[in-house]
Amino acid sequence: MQASMRQTASMNGVQRAASRQVAMRPVHTRPASSRRAGAAKVQALFGMFKASDAEVIAEVSTQFDRWNAALQTKDPKQVAALYAKDGVLLPTVSNRVRTSPGEIEEYFSNFLQLHPNGKIDDSKVRLLAKDTAINSGVYTFDLVKDGKPAKVQARFSFTYKRLDDGQWYIVDHHSSGMPEAVVDNDLEEVARQFDRWNASLQTLDAAKVAAMYAPTAVLLPTVSNRVRTTSAEIQDYFVNFLLLKPFGKIDEANVRMLASDLAINSGIYTFALTKEGLGVTKVQARYSFTYRKIDGEWFIIDHHSSAMPETEEKKMAEVSQLFDRWNAALQTGDPKKVAALYAPGGVLLPTVSNQVRTTPEEIEDYFSTFLTLKPNGKIDDANVRLLDAETAINSGVYTFALVVEGEPTTVQARYSFTYKKINKEWLIVDHHSSGMPEKVEQAVAKVEAAKKAVAV
């Protein structure tokens, strides 16, 4: 028993001595540079399984293509599915902030009707955190508006978050019109509203035309004394007007933005109307359309249409006076001033030249010779007609007092002046002048008689 205790004590002493020897050994540590190198190796090892920032940025850059591809499906659900459940959309053409999947889907239900196809013009992608990134810049959309292709440029900011399923989702999408071009784009859009309204006339459906007007709109029509202040009254007017199968075109327009959602277009338009037994007639009138944008769509809130106050007789008198203007230009002796009264594409078939003159230079050349005769014309017989609001013709007979080889003489001829109002000025688009045919025949007869007399 005592021997066993001594043996145990002896072993404990050996262990304590060994422990002291271990404690007294010097500790060998690696230099800091060596430790950093080792850490780098570990990071490199883990980097094999972690994408670099550049790779993440490249991945985020492809998200626009994914979103645009969803637009091409024309399915608003597929587009809305790219937004996070708490995603927010601030769209280009709506004041309303969309904060739920249902609201976002509803926006794209309308936007997709424009057949949008987008491309990035300029973008910058940045990583905000491990799984959060933003892409902002400028994009352009090819759209189809009112059946016509159009391009619209806008600024964008997409903020993305990578969620637990590993997919990137849009948590915020802000799109805004180009601030320096907003006015021009809006003016063009407002100008197109007439085409939209005129297209509804072609349906011959009064309800479709009335749908272009806001619920509280007012219509002061051209051919009715009654002011229409309800949708039913407006529709009633078009029930009768559409019987004329109207087709309108703008002759002169003045579009102005009164506010971002309020605009006015006023000017002059002409309608081709079909009246039973009379065929197609053209009627010109003055107009004012006032529009308001409601839920992203332009509606007419006021439409005033009135007959042209100047009568047709006044216009015909105006056309009749154009000969006096032309004759006054002859008196200047300056061929440039005469040629300036012809439209750029005007044609002259002159009395005493076989050459058809089709350019301003050729017309000026003709008058360089003709003016040496010091012509002074007067109308003997005139027939003025208005072909439409901007086209007229005056044809008949005129006589010129001329000086030929120092001797005064007079020459009578037939004429046709066709005029076109261009930039508010009447210009000659066609001028045909010809000698009196019966006098020519008489001269030929005299020559033939003289030949016979000589033969005898």
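To be clear, the structure that these remarks concern was listed above.
Conventions we followed
Residues numbered from 1 in each chain as written. Predicted model: local features only at pLDDT ≥ 70, side-chain atom pairs only at ≥ 80, totals over all residues. Heavy atoms only, no water. Phe/Tyr/Trp six-rings, centres within 6.5 Å; stacked < 30°, edge-to-face > 60°. Helix = DSSP H or I, 4+ residues; strand = E, 2+ residues; numbered from the N terminus. Buried < 20%, exposed > 50% of the residue type's maximum accessible area, 1.4 Å probe, protein only. Core = buried A, V, L, I, M, F, W, Y, C linked by side-chain atoms within 4.5 Å. Contact = heavy atoms within 4.5 Å. Arc of directions from axis to C-beta. Pairing = 2+ DSSP bridges. Axes fitted to C-alpha atoms, helices over the stretch in contact; angles between N-to-C directions.

**Student:** Hey, could you run me through the packing of aromatic side chains in this one?
**Tutor:** The description of an aromatic ring pair rests on the distance of the ring centres and on the angle between the ring planes. Tallying each qualifying case throughout the model produces 50 aromatic pairs. Residues Trp197 and Phe238 carry aromatic rings whose centres are separated by 6.3 Å and whose planes lie at 75° to one another, so their mutual orientation is edge-to-face. Residue Trp197 is located in helix 7 (residues 182–202), and its partner Phe238 is located in helix 9 (residues 231–241); the two are separated by 41 residues in the primary sequence. Arranged with centres 6.4 Å apart and planes meeting at 75°, the rings of Tyr269 and Phe289 form a pair that is edge-to-face. Highlighted residues: Tyr269 in strand 8 (residues 262–275) and Phe289 in strand 9 (residues 279–294), separated in sequence by 20 residues. In this pair, the class of Tyr269 matches that of Phe289, namely buried.

**Student:** I keep staring at unusual backbone geometry and nothing clicks. Help me out?
**Tutor:** Residues apart from glycine generally show negative phi values, whereas peptide bonds are mostly found in trans. Of note in this structure, Asp295 is not a glycine but carries a positive phi near 55°. On the secondary structure map, Asp295 appears in the loop between strand 9 and strand 10 (297–307). Judged by its relative accessible area of 82%, Asp295 falls in the exposed class. The residue Asn423 is not glycine, and still its phi comes out positive at about 50°. Locating Asn423 in the fold gives a position in the loop between strand 14 (407–422) and strand 15 (425–435).

**Student:** Can you walk me through the nonpolar core in this structure?
**Tutor:** Across soluble globular proteins, nonpolar side chains have a tendency to be buried as a group. Judged by nonpolar contacts, the single largest core of 28 residues is most densely connected at Trp197, Tyr213, Phe238 and Phe289. Broken down by secondary-structure element, the contributors of at least two residues to this core are helix 7, helix 8 (206–210), strand 6 (213–220), helix 9, strand 8, strand 9 and strand 10. Once you skip the residues sitting within four places of it in the chain, Trp197 turns out to touch Val209, Met212, Tyr213, Phe238, Phe271, Phe289, Ile300 and His303.

**Student:** What is the right way to read helix 6 (residues 101–111) from this model?
**Tutor:** Along an α-helix, residues three or four positions apart point the same way, because every turn accommodates 3.6 residues. Taken as a whole, helix 6 has its buried residues at Ile104, Tyr107, Phe108 and Phe111. The buried side chains of helix 6 occupy one side of the element, clustering within an arc of 95° when seen end-on. Packing partners of the buried residues in helix 6 comprise helix 4 (63–72), helix 5 (76–80), strand 1 (83–90) and strand 3 (132–145).

**Student:** Help me out: how do you make sense of the environment of Ser320 in this one?
**Tutor:** Structurally, Ser320 can be placed in helix 10 (residues 312–331). What makes Ser320 partly exposed here is its relative accessible area of 34%. Spatially, the C-alpha atom of Ser320 lies 7.2 Å from that of Asn394, the residues being 74 residues apart in sequence.

**Student:** Please explain the sheet that holds strand 1 as it appears in this structure.
**Tutor:** Within a beta sheet, neighbouring strands are joined by backbone hydrogen bonds and run either parallel or antiparallel to one another. The 5 strands are arranged 1-5-4-3-2 in an open sheet whose pairing can be described as mixed. Each of the sheet's edge strands pairs with one partner strand only, and the pair in question is strand 1 and strand 2 (117–129). The average angle at which neighbouring strand axes cross in this sheet is 20°, direction not considered. Contacts from helix 3 (residues 53–61) reach strand 2, strand 3, strand 4 (148–162) and strand 5 (168–177), with the element oriented near 145° to strand 2. The strands touched by helix 4 within the sheet are strand 1, strand 2, strand 3, strand 4 and strand 5, with strand 2 carrying the most contacts at an inclination of about 140°.

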